[in-house]
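# Residue-level structure breakdown
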Amino acid sequence: MSTNIFKMDFDVELLQKMINTVVADAVDKAIERHAFKNTLPPVLTKEQLMDLLDIKVTKTTELLNREDFPVTRELGRPRVLTHLLLLWIEDHTDWVRENVGEKSRLKKGVA
């Protein structure tokens, strides 16, 4: 009975550099996302949402009327809870890619 044993030779230093690069990139993105989130108010008005997403009134109205969109009307006019919006965006990245405007801060992949 014969068994093949594979021996892998690899450059430990190169592997460590690759790991450090991946970790540094991940940390940079996390810091950037955190900084982005801190620039937003906790609750967005319709106008602030339009500005953030770089969308017009029609698309904003469509969003605010979606059942799965994090809008509250308890404060009179529709308001969007920012932390829930960012979670919604993560779950609906295809919609965001297809619908937000070129000037949107979300186009940078920060959120």
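Quick note: structure is the one above.
Report follows, based on the coordinates.

Reading guide: rules and limits
Residues numbered from 1 in each chain as written. Predicted model: local features only at pLDDT ≥ 70, side-chain atom pairs only at ≥ 80, totals over all residues. Heavy atoms only, no water. Buried < 20%, exposed > 50% of the residue type's maximum accessible area, 1.4 Å probe, protein only. Helix = DSSP H or I, 4+ residues; strand = E, 2+ residues; numbered from the N terminus. Arc of directions from axis to C-beta. Phe/Tyr/Trp six-rings, centres within 6.5 Å; stacked < 30°, edge-to-face > 60°. Axes fitted to C-alpha atoms, helices over the stretch in contact; angles between N-to-C directions. Parallel < 35°, antiparallel > 145°, perpendicular 65-115°, else oblique. Left-handed = near helix turned anticlockwise from the far one by under 90°. Contact = heavy atoms within 4.5 Å. Nonpolar A, V, L, I, M, F, W, Y, C, P; charged D, E, K, R; others polar. Pairing = 2+ DSSP bridges.

## With respect to helix H2 (residues 46-53)
For H2, every residue scored as buried is listed here: Leu49, Met50, Leu52 and Leu53. Projection of H2 onto a plane perpendicular to its axis shows the buried side chains occupying an angular sector of 165°, all on one side. When the buried face of H2 is taken as reference, the exposed residues oriented beyond 90 degrees from it are Glu47 and Asp51. The positive-phi residue at the C-terminal boundary of H2 is aspartate 54, with phi of around 55°.

## Thoughts on the packing of aromatic side chains
Summed over all chains, the structure comprises two aromatic pairs. Measuring from ring centre to ring centre gives 5.6 Å for tryptophan 88 and tryptophan 95, while their planes differ by 70°; the resulting arrangement is edge-to-face. An identical accessibility class is assigned to tryptophan 88 and tryptophan 95; each is buried. Ring-pair connections join several aromatic residues into one group, and the members of that group are Phe69, Trp88 and Trp95.

## Things to note about the packing of H2 against helix H3 (residues 57-64)
Where H2 meets H3, the axes come as close as 10 Å, and the angle between the chain directions of the two elements is 110°. Considering the angle they form, H2 stands roughly perpendicular to H3. Considering only the axes of H2 and H3, their crossing is right-handed. Contacts from Lys46, Leu49, Met50 and Leu53 in H2 reach Val57, Thr60, Thr61, Leu63 and Leu64 in H3. Grouping the constituent residues of the contact of H2 with H3 by class yields six nonpolar, two polar and one charged.

## Thoughts on unusual backbone geometry
Its identity is not glycine, yet aspartate 54 carries a phi of approximately 55°, on the positive side. For aspartate 54, the position within the fold is in the loop between H2 and H3. Aspartate 54 sits in the partly exposed class, given a relative accessible area of 30%.

## Thoughts on the environment of glutamate 102
Mapped onto the elements of the fold, glutamate 102 is located in the segment after helix H5 (93-99). Residues glutamate 102 and isoleucine 55, spaced 47 residues apart in sequence, show a C-alpha to C-alpha distance of 9.3 Å.

## Quick look at the sheet that holds strand E1 (residues 43-44)
One open sheet holds the three strands; their spatial order is E1-E3-E2, and the pairing between them is antiparallel. At either margin of the open sheet sits one strand with a lone partner, and together these are E1 and strand E2 (71-72). Bridge count between E2 and strand E3 (residues 79-81): two bridges; the pairing is antiparallel. Counted as the bridge partner of valine 71 is valine 80 from E3.

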